[in-house]
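Examining the three-dimensional arrangement
Here's the letter readout for the chains.
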Amino acid sequence: MSNKNTKSDTTEKIVSLSKRRGFIFQSSEIYGGLNGCYDYGPLGVELLRNIKESWWREMTYRENVEGIDSSILMHPRVWEASGHVEHFSDPMVDCKECKGRFRADQLDESDCGNKGFKGRKAVKCFEEGKFTEARNFNLMFKTHIGPLEESSSAVYLRPETAQGIYVNFNNVRESSRQKIPFGIAQIGKAFRNEINTKNFLFRTREFEQMEMQFFVNPEEDSKWFDYWKEQRYNWFINYGMDKDKIKFHEHEKLAHYAKAAVDIEFEFPFGWGEIEGIHNRTDFDLKRHTEFSGKKIEYFDDQTKERFTPFVIETSAGASRSFFAFLCNAYDEEEIKKENSDGSVSSETRTVLRFHPSLAPVKAGIFPLVNRDGMQDIAHSITDDLRKTFNVFYDDSGAVGRRYRRQDECGTPFCITVDSETLTDNSVTVRHRDSMEQERIQKDRLKEYLKSKTD
Ligand code: GAP
């Protein structure tokens, strides 16, 4: 029986659990934090790695997709060719009273600090004429390469990983001998100097993307667009996303280079938001890089003897935003019955993160039921053995019920307890996080058991 909270309660609870259990910390917290930047704690980094690893396996362990890892700093002409220097900006307005800066197209979502009126929507101050005219603010972070800070040494922190793929099209195709259709995938950091950061990990200034660019014959673009749309939706479902919480959102207004675009949206506690975009980018990017670099980026089909610039079907997911979506999707509270020491029964709220076992940061908690009769030694030896393959956690402190609760809050799918029966028949109990049911298993089968459940 799930106990549903109000939407803002849930966000606050997730933010607080993230800090308490070591998923997410504010960046540079001891200095007051840095807006729009976050650090992944011990559990967070495992969850993030598991998400990226599942994506990588899904997307690159295929005959027709290769992986790369391109540099964050790239030649500045890349961003002229891509259109980012000219177009990658948001309209910005300043409030003349509170001096706050806002995205002009999202005023109804932002709070204005005007007159110290907490929670006053910026759109109200706009209507009252308290704002400047909108001007364009480029979202790319600029820095300098080498010791001289002059315009000729200016470079940008990449705002997307996609361009590192386009500029390597010839290198990857030639070195891997791929034929069209084929794709190139990469996972990496991207940076955007967002005017207003928002909703915890949803819109940050530093984040990670998981992008794949699939190069196709222009005549087959629609077929591949539909194919990747379905593949990407299924990936989220296969890793435990609730079907009611994800949906497609078709774009009515397309970017100047796009022929089709659809978002996969997730229902966060604060509302629906994009977690991934699937785009038909036509031949825009490859043609622009050909034009700006003077190097031909084309494909020659030896069978049809056709030469053409491939179209690109892009799948672009945020790793950080998917992390947040998987965390929200997993979060649950339920009322359970608790037997007290005097035999009476009361109820308590159990907080549980119902991650898919492959994504869960810790795969198993291992406990001795009591700290005597050699149970600790057996539990330690199980832990040492499992740790060679899985991230597991040993715990011998407090009542077993409390140890279960602590693991439920981290999303650990299995808890293994060594008890008096173990001493006689080498079996242990395995308790399942979601159903809370228990089964007995021979301890020398544990590795194989966990492998079959978490792969
Ligand atoms: N190459 C295409 C591209 O970058 P995008 O829609 O701007 O497209 C793709 O970004 C994904 O990157 C989004 O769906 C989102 O998951 C993630 N993303 C974009 N901006 C972000 C931000 N400021 N903070 C966190 N994630 C972001």
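Computed from a predicted model, the values in this text were never measured in an experiment.

1. Observations regarding the overall build of the chain
Secondary structure summary: the chain contains 14 helices and 23 strands in total. Counting only C-alpha atoms and orienting by the principal axes, one finds that the chain spans roughly 75 × 70 × 45 Å. Looking at the chain residue by residue over its 455 residues, the buried ones come to 49%. Of the contacts made within the chain by residues no fewer than 6 positions apart, 63% connect residues no fewer than 24 positions apart. Surface summary for the chain: the accessible area is close to 22,500 Å², and the carbon and sulfur share equals 47%.

2. Points about the sheet that holds strand E19 (residues 364–368)
Within the open sheet, the five strands sit side by side as E20-E19-E21-E22-E23. Their pairing is mixed. The open sheet has two free edges, formed respectively by strand E20 (392–394) and strand E23 (438–442), since each of these has just one partner strand. When the angles between neighbouring strand axes are averaged without regard to direction, this sheet yields 25 degrees. As defined by bridge partners, E19 adjoins strand E21 (residues 414–418) across five bridges and the pair is classed as parallel. Looking at the pairing, Phe367 lines up with Thr417 of E21.

3. Some points on unusual backbone geometry
Of the consecutive residues Ile180 and Pro181, the connecting peptide bond is found in the cis state with omega at 10 degrees. Among the structural elements, Pro181 can be located in the loop between helix H7 (169–176) and strand E9 (182–191). Of note, Lys99 is a non-glycine position whose phi angle comes to about 70 degrees, a positive value. As for its placement among the helices and strands, Lys99 is situated in the loop between strand E4 (89–94) and strand E5 (101–103). Exposure remark for Lys99: the relative accessible area of 62% places this residue in the exposed category.

4. Observations concerning the packing of helix H2 (residues 42–60) against helix H8 (residues 221–238)
Running from N to C, H2 and H8 cross one another at 145 degrees; their axes reach a closest spacing of 12 Å. Both H2 and H8 take part in a crossing whose hand is right-handed. Contacts from Ile51, Ser54, Trp55, Glu58 and Met59 of H2 reach H8 at Trp228, Gln231, Arg232 and Trp235. Along the lines of polarity and charge, the residues of the contact of H2 with H8 split into five nonpolar, two polar and two charged.

5. Quick notes on the site of the ligand
Around the ligand lies a shell of 18 residues, among which Glu160, Arg192, Glu194, Glu211 and Glu274 are the nearest. Note that a nitrogen atom of the ligand is positioned 2.6 Å from one of the side-chain N or O atoms of Glu160. In the model, a nitrogen atom of the ligand is placed 2.8 Å from a nitrogen or oxygen of the Thr204 main chain. Expressed as a share of its isolated accessible area of 560 Å², the protein-covered part of the ligand is 90%. Those elements that place two or more of their residues in the shell around the ligand are strand E10 (206–216), strand E13 (271–280) and strand E16 (311–318). When the residues that make up the shell around the ligand are grouped by side-chain class, the tally is four nonpolar, four polar and ten charged.

6. Description of the environment of Lys179
Within the fold, Lys179 resides in the loop between H7 and E9. For the pair Lys179 and Asp301, spaced 122 residues apart in sequence, the C-alpha to C-alpha distance is 8.1 Å. Those residues in contact with Lys179 that sit more than four places away from it in its chain are Tyr299 and Asp302. Within polar-contact distance, the side chain of Lys179 engages the side chain of Asp302 at 3.4 Å.

7. Description of the domain arrangement of the chain
Interface size is commonly expressed as the accessible surface area that is lost when the partners come together. We note that the domain assignment places domain 1 (7–73 + 148–327) and domain 2 (362–454) within the chain. Centre-to-centre separation of domain 1 and domain 2, based on C-alpha positions: 37 Å. The contact between domain 1 and domain 2 buries some 540 Å² in all, and 47% of this surface belongs to carbon and sulfur atoms. Together, Arg21, Leu43 and Glu46 form the three largest contributors to the area buried by domain 1 at its contact with domain 2, with a combined 64%. Seen at the junction of domain 1 and domain 2, the total is two salt bridges. Taking the shortest distance from any N to any O, the salt bridge between Glu409 and Arg20 comes out at 3.0 Å. Where domain 1 packs against domain 2, one counts three residue pairs in polar contact (both at pLDDT 80 or more). Only helix H1 (7–20) and H2 provide two or more residues apiece to the side of domain 1 that touches domain 2. Of all the elements, H2 adds the most residues to the side of domain 1 that touches domain 2, at three residues.

8. Topic: the pairing of strand E22 (residues 427–432)
Residues in a regular strand project their side chains so that they alternate between the two faces of the sheet. The element E22 is largely enclosed, with a buried count of five among its six residues. With four bridges connecting them, E21 and E22 associate as antiparallel partners. Each bridged residue has a counterpart across the sheet, and for Thr417 the counterpart in E22 is Thr429. Relative to E23, E22 runs antiparallel, the two sharing five bridges. Within E23, the residue paired with Ser427 across the bridge is Gln442. Adjacent in sequence and paired antiparallel, E22 and E23 are bridged by five residues, among which Met436 carries a positive phi angle near 65 degrees.

9. Remarks on the side chain of His289
Tracing the backbone shows His289 in helix H9 (residues 284–293). His289 sits in the buried class, given a relative accessible area of 5%.

10. A closer look at the nonpolar core
Ranked by size, the top nonpolar core spans 54 residues in total, and within it Phe23 and Phe323 carry the most contacts. Filtering out sequence-adjacent residues up to four positions away, Phe323 remains in contact with Phe23, Ile24, Tyr40, Gly44, Leu47, Leu48, Ile51 and Leu201. With 18 residues, the next largest nonpolar core counts Val392, Phe414, Ile416 and Tyr449 among its residues.

11. Observations regarding the environment of Gln231
With respect to the secondary-structure elements, Gln231 resides in helix H8. A residue is classified by how much of its surface remains accessible, and Gln231, at 19% relative accessible area, is buried. It is 12 Å that separates the C-alpha atoms of Gln231 and Met212, two residues lying 19 residues apart in sequence. Once residues lying within four places of it in the same chain are set aside, the contact partners of Gln231 are Glu58 and Arg62. In terms of polar contacts, Gln231 uses its side chain to reach the side chain of Arg62, at 2.6 Å.

Procedures and definitions
Residues numbered from 1 in each chain as written. Predicted model: local features only at pLDDT ≥ 70, side-chain atom pairs only at ≥ 80, totals over all residues. Heavy atoms only, no water. Helix = DSSP H or I, 4+ residues; strand = E, 2+ residues; numbered from the N terminus. Buried < 20%, exposed > 50% of the residue type's maximum accessible area, 1.4 Å probe, protein only. Contact = heavy atoms within 4.5 Å. Areas by Shrake-Rupley, 256 points an atom, 1.4 Å probe, with all protein chains shown as cover. Pairing = 2+ DSSP bridges. Axes fitted to C-alpha atoms, helices over the stretch in contact; angles between N-to-C directions. Left-handed = near helix turned anticlockwise from the far one by under 90°. Nonpolar A, V, L, I, M, F, W, Y, C, P; charged D, E, K, R; others polar. Near = heavy atom within 4 Å. Polar contact = N/O pair within 3.5 Å; in protein donor to acceptor, adjacent residues only side chain to side chain. Domains from an automatic or database assignment. Buried area = accessible area lost by both parts, 1.4 Å probe. Salt bridge = Lys/Arg side-chain N within 4 Å of Asp/Glu carboxyl O. Core = buried A, V, L, I, M, F, W, Y, C linked by side-chain atoms within 4.5 Å.

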